[in-house]
Amino acid sequence: MCAQSIQRLLVANRGEIAVRILQAARELSPSIETFALYTDDDRSHCDIGRPHHAVRIPSAAAYLDIPLLVDLSRENNIDSVHPGYGFLSESAEFASRMHDAGITVIGPGPETLSCTGDKLKAKQLATQCKVPVLPAMPRSTSDLVEIRTFARQVGYPIMIKAVDGGGGRGIRLVRQEGELEHAVRAATNESPSQTVFVEKAAVDGFHHVEVQVVGDGIDVCHLWERDCSLQRRFQKVVEFAPSLMQSRDVVEQVVNAALRMAKAIRYRSLGTVEFLVHDHRREFYFLEINPRLQVEHTITENITSVDLVQTQLKLAMGLSLAQVGLVKDRPVQAQGHSIQLRLCAEDPARDFHLSIGKITEFIVPSGHGVRIDTHVDTSGSSPVTVGANFDNMLAKVIVTASSWEATVSKARRVLTDIKISGVQTNLNLLRGVLSHDDLLTGQIDTQWLERHLGHVIQSGETIAQSVRYEASAQPFHSTMMPSISSTNVLFRPGDAWSITLEPLGTVQQQHHLQLTRLLQNDFPSSMAAEIKYTTPSSSMAYRLQLNSTSTTASALVSSSHRRGDVHNPRHIVLPLSGKLIEVLVATGDQVAENQVVAFVKQMKMELEVRSPRGGRVQWVYQMDEEEEDVAEGMLLVELEEEVRGKL
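Keep in mind that this is a model prediction, so the values were computed, not measured.

Counting its regular elements, the chain contains 16 helices and 34 strands. In the chain, buried positions account for 51% of the 647 residues. Across the chain, contacts joining residues at least 24 apart in sequence account for 66% of those joining residues at least 6 apart. Taken as a whole, the chain presents about 29700 Å² of accessible surface, with 49% of it coming from carbon and sulfur.

Looking now at the sheet that holds strand E21 (residues 393-401). Sheets are built from strands paired through backbone hydrogen bonds, the pairs being either parallel or antiparallel. On the basis of which strands lie adjacent, the open sheet formed by eight strands has the order E13-E12-E9-E10-E11-E14-E21-E19 and antiparallel pairing. Every interior strand has two partners, whereas the edge strands, strand E13 (283-290) and strand E19 (370-374), have only one. The average undirected angle you get between the axes of adjacent strands in this sheet is 25 degrees. Sheet contacts for helix H12 (residues 404-417): strand E11 (235-241), strand E14 (337-344), E19 and E21; angle to E21, the most-contacted strand, approximately 140 degrees.

As a further point, take helix H13 (residues 427-435). Of all nine residues in H13, seven are buried, a share of seventy percent or more. All of the buried residues along H13 are Leu427, Leu429, Leu430, Arg431, Gly432, Val433 and Leu434. Of the surrounding elements, those touching the buried residues of H13 are strand E10 (220-232), E11, E14, H12, helix H14 (437-441) and helix H15 (448-472).

The amide bond that connects serine 29 to the next residue, proline 30, takes the cis arrangement and shows omega of -5 degrees. Residue position: proline 30 is located in the loop between helix H1 (15-27) and strand E2 (33-38). Of the consecutive residues tyrosine 156 and proline 157, the connecting peptide bond is found in the cis state with omega at 5 degrees. Turning to its location among the elements, proline 157 is positioned in the loop between helix H7 (144-154) and strand E6 (158-162). With a phi close to 60 degrees, phenylalanine 352 is a non-glycine residue in the positive phi region. Tracing the sequence through the fold places phenylalanine 352 in the loop between strand E15 (346-347) and strand E16 (353-354).

A few words on the nonpolar core. Of all hydrophobic cores here, the largest spans 41 residues; its most connected members are Ile339, Leu341, Phe362, Ile418, Leu434, Leu439 and Leu449. The residues contacting isoleucine 418, other than those within four sequence positions of it, are Leu343, Ile363, Val364, Pro365, Val397, Leu427 and Arg431. Grouped together as the second largest cluster of nonpolar side chains are 34 residues, Val11, Ile21, Cys221 and Leu293 included.

Further remarks concern the side chain of threonine 112. Secondary-structure assignment places threonine 112 in helix H5 (residues 110-117). Apart from residues no more than four positions distant in its own chain, threonine 112 is found in contact with Ile265 and Tyr267.

As a further point, take the pattern of salt bridges. Evaluated as defined, the whole model comprises 36 salt bridges. Beyond isolated ion pairs, a larger network of salt bridges with shared partners links Glu210, Arg226, Lys236, Glu239, Glu274, Glu296 and Arg342.

Turning our attention to the sheet that holds E2. Read across the sheet, five strands follow the order E3-E2-E1-E4-E5 without closing on themselves; strand pairing throughout is parallel. The strands lining the two open edges of the sheet, one partner per strand, are strand E3 (53-56) and strand E5 (104-105). Of the strand pairs in this sheet, strand E1 (residues 8-11) and strand E4 (residues 80-82) are connected by three bridges, and their pairing is parallel. Across the sheet, residue leucine 9 finds its bridge partner in E4, namely serine 80.

A few words now on the pairing of E1. Relative to E2, E1 is paired through four bridges, and the arrangement is parallel. Each bridged residue has a counterpart across the sheet, and for leucine 10 the counterpart in E2 is phenylalanine 35.

One can find threonine 272 in strand E12 (residues 268-278). Within the structure, threonine 272 has its side chain in polar contact with the side chain of arginine 226 (distance 3.1 Å). If we ignore the near neighbours within four places in the chain, the residues touching threonine 272 are Glu210, Val211, Gln212, Val213, Arg226, Glu288, Ile289, Asn290 and Gln294.

What follows covers the layout of surface pockets. Taken as a whole, the second largest pocket holds about 860 Å³ of empty space. When residues of the lining of the second largest pocket are traced back to their parent elements, those giving at least two are E15, H12, strand E22 (419-421), H13 and H15. Top element by residues in the lining of the second largest pocket is H15. It accounts for eight residues. Partitioning the lining of the second largest pocket into residue classes produces 12 nonpolar, eight polar and nine charged.

Along any regular strand, the residues point their side chains to alternate faces of the sheet. One ladder, built from four bridges, connects E2 with E3; its direction is parallel. The residue of E3 that forms the bridge with leucine 37 is valine 55. Chirality of the crossover, the property in question, places the unit of E2, helix H2 (residues 44-49) and E3 among those that are right-handed.

Thresholds applied
The residue count restarts for each chain, going from 1 along the sequence in the order it is written. The predicted origin of the model limits local features to residues at a pLDDT of at least 70 and limits the giving and counting of side-chain atom pairs to 80 or more, whereas totals for whole chains, interfaces and linings rest on all residues. Note: side-chain values were computed over all heavy atoms of the structure, leaving out hydrogens and water. Helical segments are the DSSP runs of H or I of at least four residues, strand segments are the runs of E of at least two, and each set is numbered from the N terminus. Relative accessibility under 20% of the residue-type maximum defines a buried residue, over 50% an exposed one, and the middle range a partly exposed one, all with a 1.4 Å probe and only protein chains included. Contact criterion: two residues are considered in contact whenever any of their non-hydrogen atoms come within 4.5 Å of each other. Per-residue and other accessible areas were derived by the Shrake-Rupley procedure at a 1.4 Å probe size, with only the shown protein chains allowed to occlude residues. We treat two strands as partners when DSSP finds at least two bridges between them. Note on method: axes are straight lines fitted to C-alpha atoms, helices fitted across the in-contact stretch only, with angles between N-to-C directions ranging 0 to 180 degrees. Nonpolar cores are built from buried Ala, Val, Leu, Ile, Met, Phe, Trp, Tyr and Cys residues. Side-chain atoms within 4.5 Å join them into one set. By salt bridge we mean one thing: a side-chain nitrogen of Lys or Arg within 4 Å of a carboxyl oxygen of Asp or Glu. In protein, a polar contact requires one atom able to donate a hydrogen and another able to accept it; more generally it is a pair of N or O atoms within 3.5 Å, and residues adjacent in sequence count only if both atoms are side-chain atoms. Grid points spaced at 1 Å over the protein atoms alone were grouped into cavities, where a 1.4 Å probe fits but cannot get out, and pockets, open sets with protein on both sides within 12 Å along at least five of seven lines, with lining residues defined by an atom within 4 Å of a point. Grid points are joined across faces, edges and corners, and a volume is the space filled by probe spheres set on the points. Residue type decides the class: Asp, Glu, Lys and Arg count as charged, Ala, Val, Leu, Ile, Met, Phe, Trp, Tyr, Cys and Pro as nonpolar, and the leftover types, Gly among them, as polar. Here a crossover is taken to be right-handed if, once the strands point away from the viewer, the path from the first strand over the helix to the second is traced clockwise.

These values are about where atoms sit, not about what they do.
Now the structure itself:
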């Protein structure tokens, strides 16, 4: 490939990865003129990453709108686009459409994306390269009968996978036939093509190990492996490099298998080849190829000192491996150990439900060997509000040290000192994971977190209680000046505002609102106060409670949206906010206990809503659109009152 410079780069992503790419591009010499996308309610990555140009897009859906992005790139004379991870990073169509417009998408190119993005084609490539694969259906399908026949042939457990899924989405583990129908439906709904394939599952004692490969279209090399076994529902939670497997000769076989596959397709750019590896049985199986920058690229950077984002950009300019400082026959020496902890806005104690709200406090400590990749900055002009449209990851905490023991010890210190307010997070879960001896000894397989989840959550809460106690016992802690405010917005009793309400087409009305007593001030996330509200015709005292929400007003105040009562045995209440995609029951239906009555989508993941009890449906929420924003606590179904016979 002929060398060509990148003049104007569009980062077609958001969040921490947009910040990472923008910073890497600006650090190149000469630096690249950068463009970033943002929506009205999500632009903190622009504040931190500081692109040369910030381009407003109409909605979150625009990140997936290929024609819009092509037109936008043309209008701004963009010559290259970096898709980051997620969104369109694995889309062959996106790369092809951009190529037709004379624009380079940073990555391996549309032909390679077509081969690697389809999981069945990738398995065929593995077979051709004599890499072990698990027994699987030869083609994709959505036919339940066909899937059930295959499952009975190979035996349970099996794995249902969206052919074009990614990031843990569109994957379901099925251990018995009774779980099959729902698993197929859920995986199919999370697949853009609405098709899945099925393979025999390898779940007990297997590690999820991935190899970082780099290619220039002619030669390929590797930058060692990462262990991603700490995951829940196939969503990675903690990753570390290198792996702690005792059988290093098996790891070497895995690395060589990844290189064979990359060489076979003359791979160009960054890629990750993923495997399931059993340390004691000394066996491994190919999983998939991710033809993009990975979320966990950070730990490879920290043990090799290779800037993977800049390497990716340089390879896109046509440079060879040798020109970017990599030699295919002499791998970069890995030094030390590194761990990445994904800090997410979710509540592990409530089945990891998304936690919606505005970040009001975000303190993550620094120190030697500590790296924080984030788009959160509470001091900036664009505070971060977590909603259902985007990924809920707030930050990646990356800790590196000379030994594994030192790495874990340092990570424990960092997690102890983190403070976040405004949303629930998985901080205590991470604390619990880091406190477990199995992590130190490397006794972690892909099912470990599911097996130990209750214990880990409890351990994390115990650590949190200890942290709170130690903070309250600090000698500099003042108990003389209690504060009701965690915000820099000062409210005081007696504050008053003149309010003008001017409905269109009518005469304006002058109202008056006065704070008489301030009860709690965490504005803008929440506030409680007693107020006096005066209109031209009346004056009333109220108790005011404000709570921030990313849910649309229609989802909160529509006449068809009724607030549910979790203590009312007749109410089936939505346990989470998100997008309601389907209600499965109608008035008059008989509902059984634990029956699925609806599906809600959060961040492209389809979640079940189940009935906590049996009964006949008296009232059910009626959807007006294909997908509707709904708020946690909304009444979904009301059951008929039980009729008890007289004795």
